[in-house]
Structures are given as structure tokens and as C-alpha cells.
Amino acid sequence: MGMLSPDFYYSSVTAIDLAVLRQAGVRHLLIDLDNTLMPRDSSEVPPEVRTWVNALPDTGMNACLVSNNWHAHVASVADGIGLPIVTRALKPFPPAFRKGLRVLGGTSDTTAVVGDQIFTDVLGGNLLGMMTVLVLPQSTSDLPHTLLLRRAERRVLAGREPLA
Ligand SMILES: [Mg+2]
């Protein structure tokens, strides 16, 4: 299960211990949007997440969104929180992650993928040898095929609980 196993698992992005990531050499974050930074059934990034994003530079990290979403509104959401975005990413396949690395000036050694899905975010990050951080989905709303994968995710996680 190595490729499907996240290095870290937290309840939400705001619970991530960025100091621990920095100690592990992480300077760049490739962050999923839907159900990671905001609930899938919303188009608003919650205020506490906005605050977390704004504080990233203070911790010496920069970030780029990498989203499988095809809809035009995701670009304006990214704009609203001041982050670059790679859309139509086709995660877990590597090209969009590589594009995100170029945007941030990072390498796989210095970059972590943050997302709510094992078969897109965690697998994609692990395929490129990046550190991976899983967060709990921020809503129960998901695309139909994602809902099917959630059951498989529960099996992969085998009772593993978020660190915080
Ligand atoms: Mg997601």
C-alpha cells in the first residue's frame, strides 16, 4: 500500500503542522481545491482557510492549487485567495503536478501534495516521490465516482485516524 499511503493525515489544512513539514524539507505545497480548501458544495473558501493560506509565506512556503475541476469558477476562487492554479489536472497522472512544480520553482524533494483523496492526490504525489498530506474531505458532497472510491479509501486507511 506504499503508493496509497499518505505521510501525514490531518482533519483539515488548518490542522497541518507546517513546522514539521518544514523540518522535513518542504518549501512548496501543491494543494487540491475541492473538499480540501473548501467544501465541494460551496464556492467560498472558509475564512479560517483563507487566513491559513495568507500565512503560508510567513512559514517560508509557497503554494499552487492543482485541481481536476474543469469549471471556470475555480480560476476565480484561486484568484480570490491569491494562489496560482493548474486546472483540468487529471490527477493522479504526473503532468499537472510537474506543471505545479514549475510554477513554484520546486522539486519533488522540496514539495508536498495536500489533498482529500487517496487515489488522486496521495497517489499522484507518491508517484513523483513527493511528500503527501491527506486531509478529511470538507463536505460529504462528492462526484459520483468519488463516492465509490471513498469506500476503497476507507479500506486503504484501515482505521488510521488524523493526527490532529
Ligand atoms: Mg478534492
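So, a few notes on the structure that sits alongside this text. (Residues numbered from 1 in each chain as written. Predicted model: local features only at pLDDT ≥ 70, side-chain atom pairs only at ≥ 80, totals over all residues. Heavy atoms only, no water.)

Looking now at the overall build of the protein chain. Each helix and strand counted, the protein chain has 6 helices and 6 strands in total. Going from N to C terminus, the protein chain has its helices and strands arranged as β-α-β-α-β-α-β-α-β-α-β-α. Over its C-alpha atoms the protein chain spans a radius of gyration of 14 Å, differing by no more than 12% from the 15 Å that the globule rule assigns to 164 residues. Principal-axis analysis of the C-alpha atoms gives the protein chain an extent of 35 × 35 × 30 Å. Classification of the 164 residues of the protein chain by burial places 48% in the buried group. For the protein chain, the distance from the average site of its 14 positive side-chain charges to the average site of its 15 negative ones is 7 Å. (Helix = DSSP H or I, 4+ residues; strand = E, 2+ residues; numbered from the N terminus. Rg over C-alpha atoms; globule rule 2.2 N^0.38 Å. Buried < 20%, exposed > 50% of the residue type's maximum accessible area, 1.4 Å probe, protein only. Lys, Arg positive; Asp, Glu negative; His and termini not counted. Charge placed at Lys NZ, Arg CZ, Asp CG, Glu CD.)

Now for the sheet that holds strand 3 (residues 62-66). Here 6 strands make up an open sheet; going across it, the order is 1-6-5-2-3-4 and the pairing parallel. What marks the edges here is a single partner per strand, and that holds for strand 1 (8-10) and strand 4 (85-86). The pairing of strand 2 (residues 28-31) with strand 3 spans 4 bridges and is classified as parallel. Opposite Leu29, over in strand 3, you have Ala63 as the bridge partner. (Pairing = 2+ DSSP bridges.)

Turning next to the nonpolar core. Ranked by size, the top nonpolar core spans 29 residues in total, and within it Ile16, Leu21, Leu29, Ile31, Leu37 and Trp52 carry the most contacts. For this core, the secondary-structure elements that each account for two or more residues are strand 1, helix 1 (18-23), strand 2, helix 2 (47-55), strand 3, helix 3 (73-80), strand 5 (111-115) and strand 6 (131-135). Leave out the neighbours within four places in its chain, and Leu37 touches Val13, Ile31, Asp32, Val45, Pro46, Val49, Trp52, Val53, Leu65 and Ile81. The next biggest cluster of nonpolar side chains, apart from the first, holds 12 residues, and it includes Cys64, Phe97, Leu101 and Met130. (Core = buried A, V, L, I, M, F, W, Y, C linked by side-chain atoms within 4.5 Å. Contact = heavy atoms within 4.5 Å.)

The subject of this paragraph is the side chain of Arg150. Structurally, Arg150 is set in helix 6 (residues 144-157). Apart from residues no more than four positions distant in its own chain, Arg150 is found in contact with Asn35, Asp116, Gln117, Pro137 and Asp142.

Turning our attention to the environment of Val114. Along the chain, the position of Val114 falls in strand 5. Each C-alpha atom of the pair Val114 and Ala75 lies 18 Å from the other, and the pair is 39 residues apart in sequence. Apart from residues no more than four positions distant in its own chain, Val114 is found in contact with Val13, Ile16, Leu29, Leu30, Ile31, Asp32, Thr36, Val133 and Val135.

On the surface, a cluster of nonpolar side chains totalling about 380 Å² of accessible area is made up of Trp70, Leu90 and Phe93. Counting through the fold element by element, Phe93 comes out in the loop between strand 4 and helix 4 (94-104). Overall, Phe93 belongs to the exposed group, its relative accessible area being 53%. (Patch = residues over 30% accessible without salt bridge, like charges linked within 9 Å, V, L, I, M, F, W, Y side chains within 5 Å. Areas by Shrake-Rupley, 256 points an atom, 1.4 Å probe, with all protein chains shown as cover. Salt bridge = Lys/Arg side-chain N within 4 Å of Asp/Glu carboxyl O.)

This part is about the side chain of Asn126. Relative to the helices and strands, Asn126 is located in helix 5 (residues 118-127). Within the structure, Asn126 has its side chain in polar contact with the backbone oxygen of Met3 (distance 2.9 Å). Discounting chain neighbours no more than four positions away, the residues touching Asn126 are Gly2, Met3, Leu4, Ser5, Asp7 and Thr132. (Polar contact = N/O pair within 3.5 Å; in protein donor to acceptor, adjacent residues only side chain to side chain.)

The magnesium ion binds to the protein through Asp32 (OD), Asp34 (O) and Asp116 (OD), with metal-donor distances spanning 2.1 to 2.2 Å. Sequence spacing of the donor residues for the magnesium ion, all on one chain, is D-x1-D-x81-D. Here Asp32 is found in the loop between strand 2 and helix 2, whereas its partner Asp116 is found in the loop between strand 5 and helix 5, with 84 residues between them in sequence. We classify Asp32 as buried; its relative accessible area is 8%. For Asp116, a relative accessible area of 2% corresponds to the buried category. (Donors = N, O, S within 2.8 Å, 3.2 Å for Na, K, Ca; no water.)

This next bit is on helix 2. Every buried residue of helix 2 is accounted for by Val49, Trp52 and Val53. Along the axis of helix 2, the buried residues cluster in a sector spanning 100°; they form a single face. Of the exposed residues in helix 2, the ones pointing more than 90 degrees away from its buried face are Pro47, Thr51 and Asn54. The inward-facing, buried residues of helix 2 contact helix 1 and strand 2. (Arc of directions from axis to C-beta.)

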